[in-house]
Amino acid sequence: MTLHSSIAPGATAGVLIVRAPEEMAAIRSAGIGGVIWQRRPLAGFQSWIDGLAPDHLPRTRTILRPDAVRDAVEAACDIAGTPDGPQKDLLADDIAALADIFHALIGARWLRLRLEPVTTDACRRFHIDRVQARLVCTYRGTGTQYGLGDASEPEVIRTVPTGSPLILRGTLWPASPDPGLLHRSPPIAGSGETRLMLALDPVDDPEDEI
């Protein structure tokens, strides 16, 4: 089941933009700091999730096996009171599919799953995460912002389209030279906007995370 349809590929600011999930393997290519699978939101799903009351958006933080992601998302939806129906199933299916894609690319036996509504300027400074890699996808609201540079504020700032997954290299990625890709959460404090953001990180040993 596909949450979005694909649109044309391209490349910008050290980030490769692809049209198919299997092309996200380009994150292994030299000089690439991130890969975006750019997808066009299905109108029915996007209007549904945009129209949900913020307190009905799912929220969870947990470490789990990749094959347990769908159940964890469903449980988070149940706790939040996310309305049952095909759109909720689409959300759970899509997050599970992204977990499978990320697991296949990175090879970690465990994943750290973070799915949460965001209303503040969380992670507002441009930075690189201290992980091997991270997958982020904003299902509602403004997407992650990114840019190349060796300073804290890139000269050119771009925004990932809503619903398009982005895989980013972290500081633990064994890459040389460093592509220098920085990213941040978009500044939305005081705007009334509520984002729904997914992040997946690889975890080698859950006991090391305690």
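These numbers were taken from a predicted model, which means no experiment stands behind them.

**Q** Looking at this structure, how should I read the overall build of the protein?
**A** Helix and strand counts for the protein stand at three helices and 13 strands. The buried share of the protein, taken over its 210 residues, is 49%. Nonlocal contacts in the protein, meaning residues at least 24 apart in sequence, comprise 77% of its contacts between residues at least 6 apart. For the protein, the exposed area adds up to about 9800 Å²; of that, 50% sits on carbon and sulfur atoms.

**Q** Just checking my understanding: could you explain the side chain of T194 for this structure?
**A** Inspection of the secondary structure assignment puts T194 in the loop between β12 (181-184) and β13 (195-203). The class of T194 is buried, set by a relative accessible area of 9%. Apart from residues lying up to four places away in sequence, T194 is in contact with P54, L57, P117, V118, T119 and R140.

**Q** Sorry if this is basic, but what is going on with the packing of helix α1 (residues 43-51) against helix α3 (residues 86-106) here?
**A** The relative placement of two packed helices comes down to the angle between their axes together with the axis-to-axis distance. The interhelical angle for the contact between α1 and α3, taken along N-to-C directions, is 95°, at an axis separation of 10 Å. For the element pair α1 / α3, the angle class is roughly perpendicular. Note on element contacts: α3 touches α1 through Q87, K88, L90 and L91, opposite G44, F45, W48 and I49. Of the residues in the contact of α1 with α3, the class split is five nonpolar, two polar and one charged.

**Q** Just checking my understanding: could you explain the sheet that holds β12 for this structure?
**A** The strands that make up a sheet are held in pairs by hydrogen bonds between backbone atoms, and each pair lies either parallel or antiparallel. Pairing in this open sheet of three strands is antiparallel, and the strands run β10-β9-β12 from one edge to the other. At either margin of the open sheet sits one strand with a lone partner, and together these are β10 (158-159) and β12. Across two bridges, the pairing between strand β9 (residues 145-148) and β10 is antiparallel. Note on β10: the bridge partner recorded for Q145 is T159.

**Q** I keep staring at the packing of aromatic side chains and nothing clicks. Help me out?
**A** For any pair of aromatic rings, the description rests on two quantities: the centre-to-centre distance and the angle between the ring planes. In this structure the tally under the stated criterion is two aromatic pairs. Each residue in the set F45, W48 and Y139 is aromatic and connected to the rest through ring pairs, giving one cluster. The positively charged end of R39 is found above the aromatic ring belonging to W37, 4.5 Å away from the centroid.

**Q** Help me out: how do you make sense of the pattern of salt bridges in this one?
**A** Opposite charge on two side chains lets them pair, provided their charged atoms get close. This structure, assessed with the given rule, holds 10 salt bridges. The partner of R39 in a salt bridge is D94, with the nearest N and O atoms 3.0 Å apart. With R39 in strand β5 (residues 39-41) and D94 in helix α3, this residue pair connects regions lying 55 residues apart in the sequence. Residue D94 is classed as buried on the basis of its relative accessible area of 4%. A cluster of three or more residues bridged by salt bridges with shared partners is formed by R112, D129, R134 and D201.

**Q** Can you walk me through the packing of helix α2 (residues 69-80) against α3 in this structure?
**A** As a packed pair, α2 and α3 sit with axes 8 Å apart at the nearest point and diverge in direction by 145°. The handedness of the crossing between α2 and α3 comes out as right-handed. In this structure, α2 uses V69, R70, V73, E74, C77 and D78 to contact α3, whose residues at the interface are K88, D89, L91, A92, D93, I95, A96 and A99. Of the residues contributing to the contact of α2 with α3, the split by class is eight nonpolar, no polar and six charged.

**Q** How should I be thinking about the environment of D94 in this particular structure?
**A** Expressed as a C-alpha distance, the spacing of D94 and R70, which sit 24 residues apart in the sequence, is 8.7 Å. A polar contact of 2.7 Å, which involves the side chain of D94, links it to the side chain of Y139.

**Q** Can you walk me through the nonpolar core in this structure?
**A** One recurring pattern in soluble globular proteins: nonpolar side chains tend to sit buried together. If you look at the biggest cluster of nonpolar residues, it comprises 39 residues, and the most contacted ones within it are I49, I95, Y139 and L198. At the level of secondary structure, the elements contributing two or more residues to this core comprise β4 (34-37), α1, α2, α3, β7 (110-118), β8 (133-140) and β13. Per-element tally for this core: the top contributor is α3, with 10 residues. Among the nonpolar cores identified, the runner-up in size contains 12 residues, and I17, I36, V118 and V160 belong to it.

What counts, and where the lines are drawn
Residues numbered from 1 in each chain as written. Predicted model: local features only at pLDDT ≥ 70, side-chain atom pairs only at ≥ 80, totals over all residues. Heavy atoms only, no water. Helix = DSSP H or I, 4+ residues; strand = E, 2+ residues; numbered from the N terminus. Buried < 20%, exposed > 50% of the residue type's maximum accessible area, 1.4 Å probe, protein only. Contact = heavy atoms within 4.5 Å. Areas by Shrake-Rupley, 256 points an atom, 1.4 Å probe, with all protein chains shown as cover. Axes fitted to C-alpha atoms, helices over the stretch in contact; angles between N-to-C directions. Parallel < 35°, antiparallel > 145°, perpendicular 65-115°, else oblique. Nonpolar A, V, L, I, M, F, W, Y, C, P; charged D, E, K, R; others polar. Pairing = 2+ DSSP bridges. Phe/Tyr/Trp six-rings, centres within 6.5 Å; stacked < 30°, edge-to-face > 60°. Lys NZ or Arg CZ within 6 Å of the ring centre and 35° of its normal. Salt bridge = Lys/Arg side-chain N within 4 Å of Asp/Glu carboxyl O. Left-handed = near helix turned anticlockwise from the far one by under 90°. Polar contact = N/O pair within 3.5 Å; in protein donor to acceptor, adjacent residues only side chain to side chain. Core = buried A, V, L, I, M, F, W, Y, C linked by side-chain atoms within 4.5 Å.

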